[in-house]
Amino acid sequence: TDSPPTKAQMLRALLTTTRLDFIMEAHNGLSARIAEEAGFPAIWASGLAISASLGVRDNNEASWTQVVEVAEFMADATQVPILFDGDTGFGNFNNFRRLVRKLEQRGIAGVCLEDKIFPKANSFQRGPSQLLAPVDDFCGKIKAGKDAQYDESFVLIARTEALIAGCGLAEAIRRAEAYRQAGADAIIVHSAHASPDEIFAFLDRWENRHPIILIPTKYHTTPTQHFARRRVAALIWANHLLRSSIAAMQSTAVRIVRERSVSRIEPKIASLNEVFRLQGDEELRVAEGRFGDGA
Ligand code: SPV
Ligand code: MG
């Protein structure tokens, strides 16, 4: 009998089929479940979104174990694979290979490793001023991660910040190719431009030699068919659940202060029953029926 695919196998399949898939950001168990319910086939455990939801900056202020802990809740809450934002790997090759093993133990399907220096900063804030890791060091990290993984299906994605850092197309291609040869299962090339031109130029030169994932946060007006036509494997919507929750919470909080009442807010927010449903209360009801609910 065929056993169902593992989460790592599901993530790997998503990268190797010809369809353009959407990966949605989540930052805790609840948002992960909401993303899954909406139909996303995979979830991005965003460093930006997780750190912001913890009230700290995207500068490795949350320790790696704190972030892995959040990702574990996300994996427990969902059936779809979680792709973990591993930033720079939280140190050198040795720190990164330990991260890979811990992620596998917590049911995370894959990790993304970016070619910056610890402690990283968000690409959209200090992108141009950030130093890139030397290519050889970074390839050593990729190899160490691939060597450390227990499950051959666990996915390691290498992300180059060469365009963000202003190093140009040739350097972005050179790095992506080195990362491919070092064993990365897919490449993310990041861009902070509102126009997709530099990404399209990269894709033209790349000629689909290995799966590409994009993060079109800044060039979001580009119709997604343009990426599908160029056979991009997946797009990551990297912060949209975080940002929608911020807007909703600010509006609710300000109105309750101003109106000194929740009456007009009540019909606009999720019901408590919806909260219980998202927490999986139904499963507990069934379990109580089977196992008893005594103390
Ligand atoms: C994240 O979501 O944490 C990312 C994407 O790494 S970005 O914020 O664009 O760097
Ligand atoms: Mg990040």
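Quantities reported herein were computed from a predicted structural model and do not represent experimental measurements.

Student: What is the right way to read the site of ligand 1 from this model?
Tutor: Inspection of the region around ligand 1 gives Trp44, Ser46, Gly47, Leu48, Asp85, Asn122, Ser123, Phe124, Arg159, His190 and Ala238 as its neighbouring residues. Within the side chain of Trp44, a nitrogen or oxygen atom sits 2.9 Å from an oxygen atom of ligand 1. His190 is positioned such that a nitrogen or oxygen atom in its side chain is 2.7 Å from an oxygen atom of ligand 1. Summarising the interface, the protein chains cover 100% of the accessible area of ligand 1, which totals 280 Å² for the free molecule. For the shell around ligand 1, the secondary structure elements donating two or more residues are helix H3 (47-53) and helix H6 (123-126). Class assignment of the residues belonging to the shell around ligand 1 gives a composition of 4 nonpolar, 5 polar and 2 charged.

Student: What exactly am I supposed to notice about the packing of helix H2 (residues 29-38) against helix H4 (residues 64-77) here?
Tutor: When two helices pack together, you describe them by how their axes are tilted relative to each other and by the distance separating the axes. Running from amino to carboxyl end, H2 crosses H4 at an angle of 40°, the nearest separation of the two axes being 8 Å. Considering their axes alone, H2 and H4 lie oblique with respect to each other. The hand of the H2/H4 crossing is right-handed. Packed against H2, whose contacting residues are Gly29, Ala32, Arg33 and Glu36, the element H4 presents Phe73, Met74 and Ala77 at the interface. Tallied by class, the residues present in the contact of H2 with H4 amount to 4 nonpolar, 1 polar and 2 charged.

Student: Please clarify how the environment of Leu272 should be interpreted in this entry.
Tutor: Among the secondary structure elements, Leu272 is positioned in helix H12 (residues 272-278). On the accessibility criterion, Leu272 (59% relative accessible area) is exposed. Each C-alpha atom of the pair Leu272 and Ala38 lies 19 Å from the other, and the pair is 234 residues apart in sequence.

Student: Got a minute to help me understand the sheet that holds strand E5 (residues 155-160) in this structure?
Tutor: Within a beta sheet, neighbouring strands are joined by backbone hydrogen bonds and run either parallel or antiparallel to one another. Sheet architecture is closed into a barrel: 8 strands sit in the order E1-E2-E3-E4-E5-E6-E7-E8, paired in parallel fashion. Recorded for the sheet is a direction-independent mean angle of 25° between the axes of neighbouring strands. In terms of strand pairing, strand E1 (residues 21-26) meets strand E2 (residues 42-45) through 4 bridges, oriented parallel. The partner of Glu25 across the bridge, within E2, is Trp44. This element, helix H1 (residues 7-16), spans E1, E2, strand E3 (82-85), strand E4 (110-114), E5, strand E6 (186-189), strand E7 (212-214) and strand E8 (234-237) of the sheet and lies at about 50° to E5.

Student: Is there a simple way to explain the pairing of E8 in this structure?
Tutor: As a general feature of sheets, a regular strand has side chains that alternate between the two faces. Side-chain alternation along E8 places Ala234 and Ile236 on one buried face and Leu235 and Trp237 on a second face that is also buried. As defined by bridge partners, E1 adjoins E8 across 4 bridges and the pair is classed as parallel. Bridging from a neighbouring strand, Asp21 pairs with Ala234 of E8. Alignment of E7 against E8, held across 2 bridges, turns out to be parallel. Considered in E8, the bridge of Ile213 is made with Ala234.

Student: Whenever I open this one, the pattern of salt bridges confuses me. Can you help?
Tutor: Two side chains of opposite charge can pair, provided their charged atoms sit close to one another. Considering all chains together, one arrives at 23 salt bridges under this definition. When the shortest N-O distance is used, the salt bridge between Glu61 and Arg57 registers 2.8 Å. What makes Glu61 partly exposed here is its relative accessible area of 37%. Overall, Arg57 belongs to the exposed group, its relative accessible area being 57%. Among the salt bridges present, the one from Glu69 reaches Arg106, with a minimum N-O distance of 3.8 Å. Taken together, the positions of Glu69 in helix H4 and Arg106 in the loop between helix H5 (93-105) and E4 put the pair 37 residues apart, joining distant regions of the chain. Glu69 gets classed as partly exposed once you look at its relative accessible area, which sits at 41%. Residue Arg106 is classed as partly exposed on the basis of its relative accessible area of 26%.

Student: Looking at this model, I keep getting lost on the side chain of Thr217. Mind explaining?
Tutor: Among the secondary structure elements, Thr217 is positioned in the loop between E7 and helix H10 (224-229). Judged by relative accessible area, Thr217 falls into the buried class, the value being 13%. Excluding residues within four positions of it along the chain, Thr217 makes contact with Phe124, Ala238 and Asn239.

About the thresholds
Residues numbered from 1 in each chain as written. Chains lettered and ligands numbered in written order. Predicted model: local features only at pLDDT ≥ 70, side-chain atom pairs only at ≥ 80, totals over all residues. Heavy atoms only, no water. Near = heavy atom within 4 Å. Polar contact = N/O pair within 3.5 Å; in protein donor to acceptor, adjacent residues only side chain to side chain. Areas by Shrake-Rupley, 256 points an atom, 1.4 Å probe, with all protein chains shown as cover. Helix = DSSP H or I, 4+ residues; strand = E, 2+ residues; numbered from the N terminus. Nonpolar A, V, L, I, M, F, W, Y, C, P; charged D, E, K, R; others polar. Axes fitted to C-alpha atoms, helices over the stretch in contact; angles between N-to-C directions. Parallel < 35°, antiparallel > 145°, perpendicular 65-115°, else oblique. Left-handed = near helix turned anticlockwise from the far one by under 90°. Contact = heavy atoms within 4.5 Å. Buried < 20%, exposed > 50% of the residue type's maximum accessible area, 1.4 Å probe, protein only. Pairing = 2+ DSSP bridges. Salt bridge = Lys/Arg side-chain N within 4 Å of Asp/Glu carboxyl O.

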